Amino acid sequence: MSTIMELLRTPETTTVAVVGATDRPGKYGGIIYRDLKAKGFTVFGVNPYRDSVDGDRSYRTLDDLPEAPDLVDYVVPPARTLEVLQDAERLGYTTAFVQPGAEDDDVIEFLDDHGFDYLANTCIMVRS
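Residues numbered from 1 in each chain as written. Predicted model: local features only at pLDDT ≥ 70, side-chain atom pairs only at ≥ 80, totals over all residues. Heavy atoms only, no water.

### Observations regarding the environment of Asn121
- By the secondary structure assignment, Asn121 is in the loop between strand S7 (117-120) and helix H5 (124-127).
- Classification of Asn121 by relative accessible area gives exposed; the value is 51%.
- For the pair Asn121 and Ala21, spaced 100 residues apart in sequence, the C-alpha separation works out to 18 Å.
- Contact partners of Asn121, with chain neighbours within four places excluded, come to Val98, Gln99, Pro100 and Glu103. (Helix = DSSP H or I, 4+ residues; strand = E, 2+ residues; numbered from the N terminus. Buried < 20%, exposed > 50% of the residue type's maximum accessible area, 1.4 Å probe, protein only. Contact = heavy atoms within 4.5 Å.)

### Regarding the side chain of Thr122
- Note that Thr122 resides in the loop between S7 and H5.
- Beyond its immediate sequence surroundings of up to four residues, Thr122 is in contact with Phe97, Val98, Gln99, Pro100 and Arg127.

### Side note on the pairing of strand S6 (residues 95-98)
- Burial along S6 is two-sided: the residues Thr95 and Phe97 and Ala96 and Val98 are all buried.
- The pairing of strand S5 (residues 71-74) with S6 spans three bridges and is classified as parallel. Note on S6: the bridge partner recorded for Asp73 is Phe97.
- Running through helix H3 (residues 78-91), the crossover from S5 to the neighbouring parallel element S6 is right-handed.
- Sheet topology note: the S6/S7 ladder contains four bridges and is parallel. Paired with Val98 across the two strands is Ala120, which belongs to S7.
- Considered for its hand, the β-α-β crossover made up of S6, helix H4 (residues 105-113) and S7 is right-handed. (Pairing = 2+ DSSP bridges. Right-handed = clockwise from strand over helix to strand, strands pointing away.)

Right under this line is the structure:
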């Protein structure tokens, strides 16, 4: 956890991939994306259904990102979180922030069993 907190204290050098980023009003994926961007983080939106988020290019999968993120923030339902966590592990992106509602027992078990450094069931906007 100390790694995550250090990353959140250094927005000017931290890259965050937001899985579930969107422009849909009122959706946390968009609210979180814009909040992190406003705080100075380099942010990549990951959403297979969007070409852009907040005027920035969006990426369909973690595989498509132009560089490795320091932290992946999950803002999708638990079943989707679990799918993307498997991709993240394969790519070596094992620092995760799992938003409330993106986790369930299976997600937490996967994170624990696969050695992720993570925070779950807390909002990144409160922590950053």
